[in-house]
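Structural characterization, general
Here are the chains, one letter per residue:
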Amino acid sequence: MGGPPRRLGHRTAALQRGPVVHCLEGVDHDVPVRALLLPRDAALGLEPEPVSGLAAVVADGLAEPDPPEGTPLDREEPPAREPTRVRAVPYFAWGNRGQGTMAVWVREA
């Protein structure tokens, strides 16, 4: 047998404002929501969110797009990251602006 089991996964965070949990929707982003990262020290802001009547949470984040086909999994260089705007809407309001993906948990950068 190999060594001890390793934890698979990443540090993640959820966005909550008061009692309201927020989520990231695919319709708000140019990359899949699974590619989004939020720096731990990101400054969070608010902007109107007309569907719910509550504010959306916005921040400067990062996108880590999927590597090109054929890229080895054990590559030495870190994955490419690009600056992007992250927007999270109240969870209860998601799915009202079209079909797409959604995530409550976002990876920390």
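**As for the confidence of the model for the chain**
The predicted model of the chain averages 86 in pLDDT, with 91% of residues at 70 or higher. Below a pLDDT of 50 lies the segment residues 1-8, which in the model reaches zero contacts outside its immediate sequence neighbourhood of four places, other chains included.

**Points about the environment of Arg34**
Relative to the helices and strands, Arg34 resides in the loop between strand 2 (20-25) and strand 3 (36-38). In this structure, the C-alpha to C-alpha distance between Arg34 and Leu62, residues 28 residues apart in sequence, is 11 Å. With residues up to four places along the chain from it excluded, the contact list for Arg34 reads Asp66 and Arg107.

**Re the pattern of salt bridges**
For the structure on display, the rule yields ten salt bridges. For Arg97, the salt bridge goes to Asp28, with nearest N and O atoms at 2.8 Å. Here Asp28 lies in the loop between strand 2 and strand 3 and Arg97 lies in the loop between strand 6 (82-90) and strand 7 (102-103), a separation of 69 residues in the sequence. Owing to a relative accessible area of 32%, Arg97 belongs among the partly exposed residues under this scheme. Among the ionic contacts, a cluster of salt bridges with common partners joins Glu25, Asp28, Glu47, Arg85, Arg87 and Arg97.

**Considerations on the environment of Val20**
Within the secondary structure, Val20 sits in strand 2. For Val20, a relative accessible area of 18% translates into the label buried. Expressed as a C-alpha distance, the spacing of Val20 and Phe92, which sit 72 residues apart in the sequence, is 8.5 Å. Ignoring any residue separated from it by four or fewer positions in sequence, one finds Val20 in contact with Leu15, Leu54, Pro90 and Phe92.

How each quantity is defined
- Residues numbered from 1 in each chain as written.
- Predicted model: local features only at pLDDT ≥ 70, side-chain atom pairs only at ≥ 80, totals over all residues.
- Heavy atoms only, no water.
- pLDDT = per-residue confidence, 0-100.
- Contact = heavy atoms within 4.5 Å.
- Helix = DSSP H or I, 4+ residues; strand = E, 2+ residues; numbered from the N terminus.
- Salt bridge = Lys/Arg side-chain N within 4 Å of Asp/Glu carboxyl O.
- Buried < 20%, exposed > 50% of the residue type's maximum accessible area, 1.4 Å probe, protein only.

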